[in-house]
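Observations on the model geometry
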Amino acid sequence: MIFDFEPGDKVFNPANKDWGIGQVQSIIKGKITVNFQNVGKKVINSENIELKKINDTK
């Protein structure tokens with residue numbers, strides 16, 4: 001579910017890996033706005049698309 005994400009998190013869409021790595025911009029009522037490297041901003045419906053979080057090891 002989307003509550004694992006917060007703005008600034010790095011994510012990818014396993015179903016569309018060619019989109020590249022994305023950064024979560026906002027989360028509003030189950031809709032996650034993500035800015036992806038290769039396709040720009042996408043609004044993701046968390047009911048239909050599962051995003052995977054990339055663990056930042058700083």
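Below is a summary of the structure that appears in this document. Keep in mind the model is a prediction, meaning the values are calculated, not measured. (Residues numbered from 1 in each chain as written. Predicted model: local features only at pLDDT ≥ 70, side-chain atom pairs only at ≥ 80, totals over all residues. Heavy atoms only, no water.)

Overview of the sheet that holds strand β2 (residues 22–28)
As summarised here, the arrangement of the five strands in space is β4-β3-β2-β1-β5, forming an open sheet in which the pairing is antiparallel. The open sheet has two edge strands with one neighbour each: β4 (40–45) and β5 (52–53). As paired elements, strand β1 (residues 10–12) and β2 share two bridges and run antiparallel to each other. Within the sheet, the bridge partner assigned to Lys10 lies in β2 and is Gln23. (Pairing = 2+ DSSP bridges. Helix = DSSP H or I, 4+ residues; strand = E, 2+ residues; numbered from the N terminus.)

Considering the environment of Val11
Among the structural elements, Val11 can be located in strand β1. Separated by 23 residues in the primary sequence, Val11 and Val34 have C-alpha atoms spaced 8.3 Å apart. Sequence-distant contacts of Val11, that is, excluding residues within four places in its chain, are made with Phe5, Gly20, Ile21, Gly22, Val24, Val34, Phe36, Leu51, Lys52, Lys53 and Ile54. (Contact = heavy atoms within 4.5 Å.)

Some thoughts on the pairing of strand β3 (residues 31–36)
Relative to β3, β2 runs antiparallel, the two being bridged by six bridges. When the sheet's bridge partners are listed, Gly22 is paired in β3 with Phe36. Two elements, β3 and β4, share six bridges in a ladder whose sense is antiparallel. Bridge pairing in β4 links Phe36 to Gly40. Between the antiparallel neighbours β3 and β4 lie three residues.

What about unusual backbone geometry?
Of all residues except glycine, most have a negative phi; of all peptide bonds, most are trans. A positive phi angle, near 50°, is found at Lys29, a position not held by glycine. Residue placement: Lys29 occurs in the loop between β2 and β3.

Remember that the coordinates give geometry; whether it matters functionally is a separate question.
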